[in-house]
Amino acid sequence: TVYGNVGELSTTVFDFIVIGGGTAGAVVANRLTERLDFEVLVLEAGPTNDGVLDSMVPAFPVKLFNTAYDWNYTAIIPGMAGVDTRSSNYPRGHILGGCSSHNAMYYTRGSADDYNATVTGDAGWSWEYMLPYMLKNEKWSPPADMHNTSNEFDPSVHGFSGMVFTSLPGFPQPSDDMVLAVSKQLPNDFPFLLDMNSGRPLGLGWYQGTIGNGTRSSSATAYLSETFTARKNLHIVLNTKVTRVHPTSEVDIPRFNTVEISGSSTRLIATKELILSAGAIGTPQILMNSGVGDHQELQSLGIQTVVNLPSVGKNFTDQPYVIISFSVSSNNTLDNLANNATLQAEALAQWELTRTGPYVNGGPNQISWSRLPMDSSILKEFGDPSAGPNTPHIELTPQTGRIFLPNLPNRHFISTGIQIVTPASRGTVSLNMTDPLGDPVINLGFFTAGFDLPAMREGIRLAQKLFSAPIWKGYIIERFSPPENTTTDEGLDAYIRSTTFSSLHAVGTAAMSSEDADYGVVNPDLLVKSTTGLRIVDASVLPFITCGHTQAPVYAIAERASDLIKEDWK
Ligand SMILES: Cc1cc2nc3c(=O)[nH]c(=O)nc-3n(C[C@H](O)[C@H](O)[C@H](O)COP(=O)(O)OP(=O)(O)OC[C@H]3O[C@@H](n4cnc5c(N)ncnc54)[C@H](O)[C@@H]3O)c2cc1C
């Protein structure tokens, strides 16, 4: 059952309370209620996803920013020589399904190296053990336009009977043939990659997205559809923000079982476990407000320490993102759709009628993944932050149009996003000194470690190389942003520093570490260290960022975590 507020509940005691009905929380709620003897409550701060058009149409997620479906956070990008510290919007899904109801739908698992890195010493998180959970999550489906997809993906690495729809792009883009020709013309730098979810994402291949029938597939549409919310043991309360969790008594090892919510004196009790799935921003905020965090920081806020875990809110990791754009001689670009209300109305009408047309795509139709060369001076100087030799450092997302560069003149463009997917920099999530329960302070920490800035510079040069393949001759007129004459390291650095924004892939703020590590927040079973009854299942447990977009790893973690919980309470 889905309720609008806690007052509608007939009891305040449950076996499990899942805090946050987002990407991970929805998975856990679904899987735990497969056990009919488990009563599960989900508390979600945001409203329902049901009927929210901007969440359903794959091309529309940006329309959800700065609305009631978004937490509307602001984040700090630290300053550097010559560039002041600045702030940037930091969207997060404030809606059932969380970020999966509001993201750009890229489906990228990361590399096998990411999972095999022996950070926790628990082989259960290795690629071999996690692949079945990835397949359990995934329901591969035909693209919206039903085109022939042979040679566009490798069926042997996909799940066809899981929960969340995935598919190839369902509408051609004007640049498809040219981008793919690059892999033939410059095969050393951009070899064709049949499938970027095989565990070795290196090369240029087709985008895969969490889209089915031309519509966004999210944790809410997949794991909390009416079939599942009809379960008698699943209770979901919307519009309910959790402020703190409390232990029963402050004995040596506190046992957390009580949930406090904003604007209500009702206390909710979990007899078995509290599961924090509030995401990489929400989870550390709730922990710190509950007295779980760095003792000194908590003391300075007047919060009594229940468990001294200095790693809470630290190790924040996200990938810096820069866009470069070139003006082109063709007028067949996505700029047409972006600038023409009549075309937009036609595209929406087509989508509403048949779930086809230009609005079925969430991003670019191709993605390119590259490593810095073995002999790169950057790797020599700063070391390799990637998890292994089959892991890219740089992602390029070429497509026509200006993407997010609205200030370009009214001409036609081709652009690419450039992301450093293995950043070495770390940021923080901390409580707001004047209002600990209000928006936390998010410091993205971008470019505070030596690797990231020169790597981004190389990313720009790599993108330049991609667009210098013979196929673009006559099509590309000039680089517009940054201008052609920005070629020196200093010039590129200035461009990077002033235009970088976030990939919105926050992870790591309640990181998993081995039982005996002197850092980290949860053990390899995702239980909060030095506590009982409190588990974390969301992006915050990732010890480092996977080399791509983060929803697929979060889904797989949540699937495995559900099994771990069921195993503990069988
Ligand atoms: C705009 C955007 C675009 C992105 N694009 C992509 C992409 O294309 N591909 C990709 O793989 N990844 C993408 N990501 C990242 C990816 O979606 C996230 O890493 C992933 O979904 C996080 O899952 P989660 O379960 O950790 O958190 P979330 O999905 O954010 O879930 C947390 C939930 O908890 C709720 N919550 C938070 N605090 C509280 C509280 N105090 N009380 C009650 N409820 C609370 C939230 O409202 C939310 O529903 C994107 C993210 C954003 C924001």
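Residues numbered from 1 in each chain as written. Predicted model: local features only at pLDDT ≥ 70, side-chain atom pairs only at ≥ 80, totals over all residues. Heavy atoms only, no water.

Turning to the side chain of aspartate 114, a few remarks are in order. Considering the arrangement of structural elements, one finds aspartate 114 in helix α3 (residues 112-116). Among the polar contacts listed, one links the side chain of aspartate 114 to the backbone nitrogen of cysteine 547, at a separation of 2.9 Å. When neighbours within four sequence positions are excluded, aspartate 114 is seen to be in contact with Ala387, Thr391, Phe544, Ile545, Thr546 and Cys547. (Helix = DSSP H or I, 4+ residues; strand = E, 2+ residues; numbered from the N terminus. Polar contact = N/O pair within 3.5 Å; in protein donor to acceptor, adjacent residues only side chain to side chain. Contact = heavy atoms within 4.5 Å.)

On domain assignment, one finds that the chain holds domain 1 (1-105 + 217-315 + 505-570) and domain 2 (106-216 + 320-422 + 447-499). Measuring from the centre of the C-alpha atoms in domain 1 to the corresponding centre in domain 2 gives 28 Å. On the side of domain 2, 53 residues touch domain 1, which itself brings 54 residues to the contact. Of the roughly 4,300 Å² buried where domain 1 meets domain 2, counting both sides, 64% is carbon and sulfur surface. Interface area lost by domain 1 to domain 2 is led by Ser217, Cys547 and His549, which between them contribute 18%. (Domains from an automatic or database assignment. Buried area = accessible area lost by both parts, 1.4 Å probe.)

With that settled, consider the site of the ligand. For the ligand, the set of nearby residues contains 37 residues, the closest of which are Thr23, Glu44, Tyr106, Thr550 and Gln551. At a separation of 2.7 Å, an oxygen atom of the ligand approaches a polar side-chain atom of threonine 550. Contact between the ligand and glutamine 551: an oxygen atom at 2.7 Å from a main-chain N or O atom of the residue. Within the complex, 97% of the 1,000 Å² of free accessible area of the ligand lies under protein. The set of elements that each furnish at least two residues to the shell around the ligand consists of α1 (23-32), α8 (279-289) and α15 (551-568). The class makeup of the residues in the shell around the ligand is 17 nonpolar, 16 polar and 4 charged. (Near = heavy atom within 4 Å. Areas by Shrake-Rupley, 256 points an atom, 1.4 Å probe, with all protein chains shown as cover. Nonpolar A, V, L, I, M, F, W, Y, C, P; charged D, E, K, R; others polar.)

Glancing now at the packing of helix α13 (residues 452-466) against helix α14 (residues 489-499). Running from N to C, α13 and α14 cross one another at 100°; their axes reach a closest spacing of 10 Å. Between α13 and α14, the angle falls in the class roughly perpendicular. Contact residues: α13 offers Leu453, Met456, Arg457, Ile460 and Arg461, while α14 offers Asp489, Leu492, Asp493, Tyr495, Ile496 and Arg497. (Axes fitted to C-alpha atoms, helices over the stretch in contact; angles between N-to-C directions. Parallel < 35°, antiparallel > 145°, perpendicular 65-115°, else oblique.)

What follows deals with the pairing of strand β17 (residues 320-328). For β17, a buried count of 9 out of 9 residues is recorded, marking the element as mostly surrounded by other parts of the structure. Here β17 shows a buried face lined by Pro320, Val322, Ile324, Phe326 and Val328 and a second buried face lined by Tyr321, Ile323, Ser325 and Ser327. The pairing of β17 with strand β24 (residues 501-502) spans 2 bridges and is antiparallel. Among the inter-strand pairings, tyrosine 321 is bridged to a residue of β24, identified as phenylalanine 501. Pairing geometry for β17 and strand β20 (residues 413-420), over 7 bridges, is antiparallel. Paired with isoleucine 323 across the two strands is glycine 417, which belongs to β20. (Buried < 20%, exposed > 50% of the residue type's maximum accessible area, 1.4 Å probe, protein only. Pairing = 2+ DSSP bridges.)

Moving on, we come to empty space enclosed by the protein. In the structure shown here, the tally under the stated rule is 3 cavities of 30 Å³ or more. Considering only enclosed or pocket space, the largest cavity measures out at about 40 Å³ in volume. Every residue lining the largest cavity is listed: Pro143, Ala144, Ser167, Leu168, Pro169, Gly170, Tyr207, Ile211, Val360 and Asn361. A breakdown of the residues in the lining of the largest cavity according to their chemical character gives 7 nonpolar, 3 polar and no charged. (1 Å grid on protein atoms, 1.4 Å probe; cavity = no way out; pocket = protein on both sides within 12 Å on 5 of 7 lines; lining within 4 Å. Points joined across faces, edges and corners; volume = space filled by probe spheres on them.)

When its volume is computed, the second largest pocket comes out at roughly 380 Å³. Lining the second largest pocket are 19 residues, with Asp189, Arg371, Leu372, Pro373 and Leu462 positioned closest to its centre. For the lining of the second largest pocket, the elements supplying multiple residues, two or more each, are β18 (366-370), α12 (377-382) and α13. Examining the composition of the lining of the second largest pocket, we find that 4 residues originate from one element, α13, more than from any other.

Here the focus is the state of the cysteines. Under the defined criterion, the tally for this structure stands at 0 disulfides. We note that cysteine 99 lacks a disulfide partner, and the nearest cysteine sulfur, in cysteine 547, lies 20 Å from it. (Disulfide = S-S within 2.5 Å.)

We now examine the pattern of salt bridges. If the charged atoms of two oppositely charged side chains come close together, the side chains can form a pair. Applying the stated criterion to the full structure yields 20 salt bridges. Residues arginine 535 and glutamate 273 are paired through a salt bridge, measuring 2.7 Å at the closest nitrogen-oxygen approach. Here arginine 535 is found in strand β25 (residues 534-536), whereas its partner glutamate 273 is found in strand β14 (residues 267-276), with 262 residues between them in sequence. Judged by relative accessible area, which is 1%, arginine 535 ranks as buried. Ionic pairing is found between aspartate 489 and arginine 461, a salt bridge with its closest N-O pair at 2.8 Å. Residue aspartate 489 is found in helix α14, and its partner arginine 461 is found in helix α13; the two are separated by 28 residues along the sequence. (Salt bridge = Lys/Arg side-chain N within 4 Å of Asp/Glu carboxyl O.)

The next point concerns the environment of arginine 86. Considering the arrangement of structural elements, one finds arginine 86 in strand β5 (residues 86-90). For the pair arginine 86 and glycine 162, spaced 76 residues apart in the sequence, the C-alpha separation amounts to 42 Å. Those residues within four positions of arginine 86 in sequence are excluded, and the remaining contacts are Ala75, Ile76, Ile77, Arg497, Ser498, Thr499 and Thr500. Within the local environment of arginine 86, its side chain forms a polar contact with the backbone oxygen of arginine 497, the two atoms lying 3.1 Å apart.

On to the nonpolar core. One finds Ile17, Leu43, Val259, Leu268, Leu287, Leu526 and Ile536 to be the most contacted residues of the largest nonpolar core, which totals 80 residues. The element contributing the most residues to this core is α15, with 8 residues. Looking at which domains feed residues into this core, each of domain 1 (1-105 + 217-315 + 505-570) and domain 2 (106-216 + 320-422 + 447-499) gives three or more. If near-sequence neighbours (up to four positions away) are discounted, isoleucine 536 is found in contact with Leu276, Thr283, Leu287, Ala510, Val521, Val522, Leu526, Val528 and Val541. (Core = buried A, V, L, I, M, F, W, Y, C linked by side-chain atoms within 4.5 Å.)

Before going further, it helps to examine the pairing of strand β4 (residues 73-77). Taking every second residue as pointing to the same face, the buried face of β4 carries Tyr73, Ala75 and Ile77, while none of Thr74 and Ile76 on the other face is buried. Pairing between β4 and β5: 5 bridges, direction antiparallel. Looking at β5, one finds that isoleucine 76 is bridged to serine 87. Here β4 pairs with strand β22 (residues 441-443) via 2 bridges, running parallel. Each bridged residue has a counterpart across the sheet, and for alanine 75 the counterpart in β22 is isoleucine 442.

So, about the packing of α1 against α15. In the contact formed by α1 and α15, the axes pass within 9 Å of each other and the chain directions differ by 30°. It follows from the interaxial angle that α1 and α15 lie roughly parallel. As for the relative orientation of α1 and α15, their crossing is right-handed in sense. On the side of α1, the interface is formed by Thr23, Ala24, Val27, Val28, Arg31 and Leu32, while α15 contributes Gln551, Val554, Tyr555, Ala558, Glu559, Ser562, Ile565 and Lys566. (Left-handed = near helix turned anticlockwise from the far one by under 90°.)

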